[in-house]
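Letter by letter, the chains look like this.
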Amino acid sequence: MSLIIVVYLTKQTVVGMFLHFLLVLLTVLTVVVLVQAQDPYAGFISLDCGLPKDSRYSDISTHINYISDAKFIDTGESKKLAEENDIKQQLQYVRSFPIGMRNCYRINVASGTKYLIRASFYYGNYDNLNKPPEFDLHFGPNVWDTVKFASLSHITDSEIIYTPSLDYIQPCLVNTGKGTPFISAIELRPLNNTAYITYSPKSVLSLFNRYYLGSTADKEYRYKDDVYDRIWFPFKLSSGWAKLSSSLNSDDLHQNEYKPPAIVMSTAVTPVNDSAPLQFHWEADNVNDQYYTYLHFNEVEELAANETRAFNITENDHLPYGPVIPEYRVVNTIYDEIPYTGTKMYQITISKTEDSTLPPILNAFEIYKVKNFSQSETDRDDVDTIINIKNTYGVARNWQGDPCAPVNYMWEGLNCSLDGNNIPRITSLNLSSSGLTGEISSSISKLSMLQYLDLSNNSLSGPLPDFLTQLRSLKTLNLGKNNLNLTGSVSSGLLERSKQDGLLLILDQNPNICEPGSCNQKISDRKKSNKIVPLVASVAGIFVLLVLVSGAAIICALIKKRKPQDGNSQVQSDTPNDSQLESKQRQYTYDDVVKITNNFNRVLGKGGFGTVYHGLIDDTEVAVKMLSKSSVHGFEQFLAEVKLLMRVHHKNLTSLIGYCNEGKDIGLIYEYMANGNLDELLSGKNSKGKFLTWADRLGIAVDAAQGLEYLHNGCKPPIIHRDVKSTNILLNESFQAKLADFGLSKNFPSDGGTHLSTVVAGTPGYLDYEYMTSNRLTEKSDVYSFGVVLLEIITSQPAITKSPDKTHISQWVRSMFYNGDIKNIVDSRLQQDFDTNSAWKAVDIGMACVSTNSSDRPNMSEVMNGLKECLAEELARKKVGRCKSKKEDPIELVPLNLDIELGPQAR
Ligand SMILES: *[C@@H]1O[C@H](CO)[C@@H](O)[C@H](O)[C@H]1NC(C)=O
Ligand SMILES: *[C@@H]1O[C@H](CO)[C@@H](O)[C@H](O)[C@H]1NC(C)=O
Ligand SMILES: *[C@@H]1O[C@H](CO)[C@@H](O)[C@H](O)[C@H]1NC(C)=O
């Protein structure tokens, strides 16, 4: 129709119509944009699982928009429940998973945002088997829940509060052999980040119960009553309880960060007998379960002048918390910072104080059980790369969810480094006999920890790429049986790797591959030519190239991606020529050292292994450490390491600038650190009298953690410091902390610890017991020592008390930590000017680091990230403090480490 009309229109009218159309389009767009901007569900993600692709609807009662889940998962089948099921719209379809052990969604989220995540399941006999299944629910690499049904029409929800660290989450349904998994709905609701805080980043809250009390309505409340769409169920009135209620508009209710709905807070229960307590209890499956409760209070009655309502709250027979005095139309939420644990029966008792004239009340409560999501997600770059490879080759395998974990569900053909503590990395990729075609994808070279790569028995074509030489850890490369398709010569880089590093290169049954220099013939000549030596064409199939052990080389920064704008990116190149050049430039004669130090004029200190002098190279201040050769074990090895360490550069490591090796003297030249060491600073011996605020302390802890993390994860092979202690953490003129003396301490007898075996290097108080007894040194020994330093930073106490009983700092902190006594742990000179959550987290990290078993200790990446969170919380608090009352806190918030106010008068 419209086509025919256009034919008869003049040019002008067409233009006119076009303009008109544009105008209409613009108006429509504006309306759409306006509607979206006002969308009250901003951030809500609501998937109706199994709903036909691209369908959407607005829920009748909540008006929340639900969309089909089809875009978020590749597998599963959509099933519709029988018509007679008179049930909420989200439950009318399910996605069912008859195929595959583990089927996963991938849902994009805002990383760092705290979400309430709810998965709902309603069987409703959708498969006509009259047999509800039982299956597991995973959350990425962690086990979330087991889904069971009490009856055909039982609706069950699994709900957690979780802050994703990546910008996606992967809920998975796992077949455990008890029926076909399915799912009805997935809902994500962003929460206030400051509510529902747990003591450890790996603790996830999983909903146990959520009730409101004192209402006769047998009704559940959720959105829009609840802005976060939590679902509140009515709690059955116990005998001995009476109802209190008032009408309450949400505008009249003064909220806190938990925002319980006004309708829920408008009613409460109170004991009939004025002097009796309010009590409720629950039973745990396991004594080791941990629970958090959140009790929400709001005074529903306007009290007369002579009336008071005050009460104490007690969990089991612990010390009561109180008095709590609920205010009229003000939400007050009470929770314990440490979870309840250690028993099977928990009882909360709310009892009135002696001078209260009115009995206690309770409006609503929530109970959460702690789930430990301790398994880290696989390295983000590895995940992106392997998904890229999957898509490039159309790999037809059930590759879903986290590639590495849980270990039983590791992707077929992969293997990973999985020790439960470090971020998993892909170490092995076997795509043998997978019908791969096309060229060898350059993505593969991004799997930087790959040790084993098998692409044999495919139809890969094109040249043998040189980028495979970038895989520094590769031990086996199997490209055999890609008949006729792979061409060209083996790159000299690969040949070099196989000669130098013992790379096992398997290239059998690839007649078109030749050695470098012998590839000049035309392709047509090749098959006939005798001159072409196929590298490997053995009868049995496998032929092995040279295996030569090469010297170890420390390669830092190559495996760490850094953004170009990052100041740290100017890491020098790693080519052998370069480093030789550097070594020469950085070697000084004894005469040079005499000049640099002005004849050893100014002593800066006596360190573990020698005396340190002040010096000047051109106009740059340096610190020169002089040692005698006799004090060094294994001198040649020491010297080799010194040369390597000169190539390690990080903003939180003191740089080794040069060295001198003449006669019996060795001099090590370091960058100068104007503000001495952390020990002096904490004990008040620092000449400038700088007092460290809580933010300063966290800043220093983050700095030191970053330095150590770099040694462990940014260097290959990892460098173990062996002697992390507060005297080895130095501060420059802007109080930026840097680790000193890394990687060398093994060459020296331990510092004053004559009672220790001389083999075990380190300093008493900082030494990991496991290392002392087993003599097996790992990164986790450094983590232990770092934990001791962190506790020193928090408490300003020495690692071992000076008192005769010589208590270790970890014991001293432990007793108070378990009593919840944070105020006495943190340095009293701070006068409690710190964010409590931030302090809890920091102490928790410190205590985890000093765990007796090294496997219970976190790795340095986790420590570093945890401390960064602590610092962010403290900085956020300071910002809030400033807004509330500008007079109180005159100090400008400055970025990390730049707080250079001197002297205690600054506070
Ligand atoms: C993966 O690697 C580990 C450790 O090297 C090894 O024990 C395990 O057998 C490997 N698994 C597979 C499926 O190859
Ligand atoms: C790699 O996969 C192929 C085919 O699936 C299998 O035959 C071979 O044993 C695997 N190699 C290793 C080391 O697991
Ligand atoms: C090579 O792969 C094909 C399928 O692509 C398979 O049938 C054959 O068994 C494989 N050969 C070997 C030696 O693994």
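Our subject is the structure listed above.
Before going into details, it helps to say that this report is about the structure given with it. Once a new chain begins, its residue numbering starts again from 1 and follows that chain's sequence as written. For naming, the first written chain is A and the first written ligand is 1, with later ones following in the order written. Residue-level local features of this predicted model are given only where pLDDT is at least 70; pairs of side-chain atoms are given and counted only at 80 or more, and the full residue set underlies all totals for whole chains, interfaces and linings. Computation of side-chain values covers all heavy atoms of the structure but excludes hydrogens and water.

The helix and strand tally for the protein stands at 17 helices and 46 strands. Residues classed as buried in the protein amount to 50% of the 907 residues present. Partitioning the contacts of the protein with sequence separation of at least 6, the portion at a separation of at least 24 is 70%. Accessibility throughout is a Shrake-Rupley quantity obtained with a 1.4 Å probe, and a residue counts as covered only by protein chains that appear here. About 43,200 Å² of surface is accessible on the protein, with carbon and sulfur atoms providing 52% of the total. Here a helix means four or more residues in a row that DSSP labels H or I, a strand means two or more in a row labelled E, and each is numbered from the N terminus. Buried, partly exposed and exposed residues are distinguished by accessible area as a fraction of the type maximum, computed with a 1.4 Å probe on protein chains only: under 20%, between the cut-offs, and over 50%, respectively. We call two residues contacting when some pair of their heavy atoms lies within 4.5 Å.

Before going further, it helps to examine unusual backbone geometry. Omega for the peptide link from Tyr-223 to Lys-224 comes to 5 degrees, which places this bond in the cis form. In this model, Ala-405 is joined to Pro-406 through a cis peptide bond whose omega is -10 degrees. Residue position: Pro-406 is located in the loop between helix H4 (380–393) and strand S28 (414–417). Located in the positive-phi region is Phe-735, a residue other than glycine, with phi close to 60 degrees. Note on placement: Phe-735 falls in the loop between strand S45 (729–731) and strand S46 (737–739).

In this section: the nonpolar core. Proteins that are soluble and globular tend to have nonpolar side chains buried together. In this text, buried Ala, Val, Leu, Ile, Met, Phe, Trp, Tyr and Cys residues form a nonpolar core when linked through side-chain atoms within 4.5 Å. Core analysis: the biggest nonpolar cluster contains 72 residues, and Val-648, Trp-694, Phe-786, Ile-794 and Leu-867 have the highest contact counts within it. Top element by residues in this core is helix H11 (residues 694–714). It accounts for eleven residues. Domain start and stop points were drawn from an automatic or database domain assignment. Both of domain 5 (570–672) and domain 6 (693–734 + 744–907) provide at least three residues apiece to this core.

Turning to the sheet that holds strand S42 (residues 656–662), a few remarks are in order. Strands in a sheet are paired, the pairing made by backbone hydrogen bonds, and the direction either parallel or antiparallel. Reading across the sheet, the six strands line up as S38-S42-S43-S41-S40-S39 and stay open at both edges, with mixed pairing between neighbours. The sheet terminates laterally at strand S38 (587–588) and strand S39 (603–606), the two strands that pair on one side only. When S42 meets strand S43 (residues 665–671), the two strands line up antiparallel, connected through six bridges. By the bridge assignment, Gly-658 is partnered in S43 with Ile-669. By the convention used here, strands pair only if DSSP detects at least 2 bridges between them.

What the four strands build is an open sheet, ordered S20-S26-S22-S23; its pairing is antiparallel. Strands at the two margins of the open sheet, each flanked by one partner only, are strand S20 (278–283) and strand S23 (321–324). Neighbour to neighbour, the strand axes of the sheet diverge by 15 degrees on average, direction disregarded. When strand S22 (residues 311–315) meets S23, the two strands line up antiparallel, connected through two bridges. Residue pairing for S23: Ile-313 is matched across the bridge by Tyr-321. Throughout, an axis means a line fitted to C-alpha atoms (over the contacting stretch in the case of helices), and angles, computed between N-to-C directions, take values from 0 to 180 degrees.

Two cysteine sulfur atoms make up a disulfide if the distance between them is within 2.5 Å. Within the structure shown, the criterion is met by two disulfides. A disulfide bridge connects Cys-104 with Cys-172, and the sulfur atoms are separated by 2.1 Å. Disulfide Cys-104-Cys-172: torsion about the S-S bond near 105 degrees, hence right-handed. Of this pair, Cys-104 sits in strand S6 (residues 102–104) while Cys-172 sits in strand S13 (residues 171–178), placing them 68 residues apart in sequence. Classification of Cys-172 by relative accessible area gives buried; the value is 0%. At a sulfur-sulfur separation of 2.1 Å, the disulfide partner of Cys-404 is Cys-416. Here the disulfide of Cys-404 and Cys-416 is left-handed, its torsion about the S-S bond being about -75 degrees. Placement of Cys-404 in the loop between H4 and S28 and of Cys-416 in strand S28 is noted, with a sequence separation of twelve residues between them.

Let us now look at the site of ligand 2. Summary of the distance rule: residues count as near a molecule or strand when at least one heavy atom falls within 4 Å of that molecule or strand. Within the structure, ligand 2 sits among Asn-430, Ser-432 and Tyr-452. With respect to ligand 2, the side chain of Asn-430 contributes an N or O atom lying 2.4 Å from an oxygen atom. If ligand 2 stood free it would expose 360 Å²; the protein chains cover 36% of that surface. In protein, a polar contact means a hydrogen-donor-capable atom and an acceptor-capable atom, both N or O and within 3.5 Å, with residues adjacent in sequence counting only if both atoms are side-chain atoms; elsewhere, any N or O pair within 3.5 Å suffices.

The subject of this paragraph is the packing of helix H14 (residues 809–818) against helix H16 (residues 836–849). Where H14 meets H16, the closest approach of the two axes is 11 Å, and the angle between their N-to-C directions is 130 degrees. Put simply, H14 runs oblique to H16. Once H14 is placed against H16, the crossing between them reads as left-handed. Contacts between H14 and H16 involve Ser-810, Val-813, Arg-814 and Phe-817 from the first element and Trp-840, Val-843, Asp-844 and Met-847 from the second. What sets the label is the angle itself: under 35 degrees gives roughly parallel, over 145 gives roughly antiparallel, 65 to 115 gives roughly perpendicular, and the rest give oblique. When the near helix sits turned anticlockwise from the far one by under a right angle, the crossing is termed left-handed; a clockwise turn instead gives a right-handed crossing.

Attention shifts here to the pattern of salt bridges. We define a salt bridge as a side-chain nitrogen of Lys or Arg found within 4 Å of a carboxyl oxygen belonging to Asp or Glu. Tallied over the entire structure, the rule returns 29 salt bridges. Across the pair Glu-77 and Lys-79 runs a salt bridge, and its minimum N-O distance is 3.6 Å. Here Lys-738 and Glu-671 are joined by a salt bridge, their closest N and O atoms 3.1 Å apart. Of this pair, Lys-738 sits in strand S46 while Glu-671 sits in strand S43, and the two are 67 residues apart along the sequence. A network of salt bridges, in which partner residues are shared, links Arg-118, Glu-159, Glu-187, Arg-189, Arg-210, Arg-222, Asp-229 and Glu-366.

Such coordinate-based values are descriptive only and should not be taken to indicate function.
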